[in-house]
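Now for the letters of each chain:
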Amino acid sequence: MASPMRSLLADPDRYLQSFRLFLERSTEHQCMQEFVERQLPDVIASIGNGKSTINVLSVGGGAGEMDLQILSKIRARYPRATINNEVIEPSADQISKYKERVAQASNLENIKFTWHKETAYEFESRMIAENKTKKWDFIHMIQMLYYVKDVPATIRYFHSLLELQAKLLIILVSGKSGWETLWKKYGSSFALEDLCSYVSSGDLPRMLDSAGLKYQLYELPSHMDITSCFVEGDKDGELLLDFLTETLDFAKTAPPELKRQVMEELRKPGCSENRDGKVFFNNNLSVIVIEP
């Protein structure tokens, strides 16, 4: 009998609900913001040297929260340059939120925005079909490599678009995170139609080394409070479980034995730590900065 488990992405509303709760309960954006504040200025220190226009490409830009923070750092470093910021994002809802964010933000003069409602693969196919080879000074891919079918090919393609002083910045879950433990063990049991591949920073060095690319790796400590996942019938807990397993209504549709094993795994030190009666999932991220 086929499992009733379905991908969380089959229900975009529930996916966004669970994603927003994940951001609320985790230090995901805070640890990225800290990186943008402390380390990004060094990363972008020479991307726009001698240029009057700086071209930035955001691959999977989402609702733009991190994009705008990155742009503010580029602008602070190159105050006289015009910044041309293009965004690849397949979700109309996320693009609409991004546009709202831009409309409400101050200090965005000298920054031009263009949105492309498409996936990274669709963008690549269109550029090749139109025989376009535009080069970029800074490309970033934040938490999006899980949704591409061929990770090494995607990295190679976007790396090929870098200018001489440019950088390609990738953020994804750390190979030392609870995600790594959970997904390496149970990923094949989850409903994965839309999540093309589980990939972490543990997989990238091998791919980058074999492509002969130079890169730097940064670890970003992060955690998420998943205590409510262990309260039977807790609506927020069920949403977070959906997000952790990328499965729609995991608590209700997973086979009982799989659910039991996953709940047990989530409490173990490989995934989480217990502090003051709460369970904190290890949500560590990694940043990989690739040279041209």
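On a predicted model such as this, the values are computed, not experimentally measured, just so you know. (Residues numbered from 1 in each chain as written. Predicted model: local features only at pLDDT ≥ 70, side-chain atom pairs only at ≥ 80, totals over all residues. Heavy atoms only, no water.)

Turning our eyes to something else, we now look at the pairing of strand β2 (residues 53-59). The element β2 is largely enclosed, with a buried count of six among its seven residues. One ladder, built from seven bridges, connects β2 with strand β3 (residues 82-88); its direction is parallel. What sits directly across from valine 56, in β3, is asparagine 85. Once you follow β2 into helix α4 (residues 65-77) and on to β3, the crossover reads as right-handed. Across four bridges, β2 lies against strand β5 (residues 136-142) in parallel orientation. Residue pairing for β5: valine 59 is matched across the bridge by methionine 141. (Buried < 20%, exposed > 50% of the residue type's maximum accessible area, 1.4 Å probe, protein only. Helix = DSSP H or I, 4+ residues; strand = E, 2+ residues; numbered from the N terminus. Pairing = 2+ DSSP bridges. Right-handed = clockwise from strand over helix to strand, strands pointing away.)

Counting 95 residues, the largest nonpolar core has Leu145 and Phe158 as the members making the most contacts within it. The dominant element in this core, judged by the number of residues it contributes, is strand β6 (residues 162-173), at eight residues. When near neighbours in sequence (up to four residues on either side) are disregarded, phenylalanine 158 contacts Leu57, Val59, Ile88, Ala120, Phe123, Ile139 and Met141. (Core = buried A, V, L, I, M, F, W, Y, C linked by side-chain atoms within 4.5 Å. Contact = heavy atoms within 4.5 Å.)

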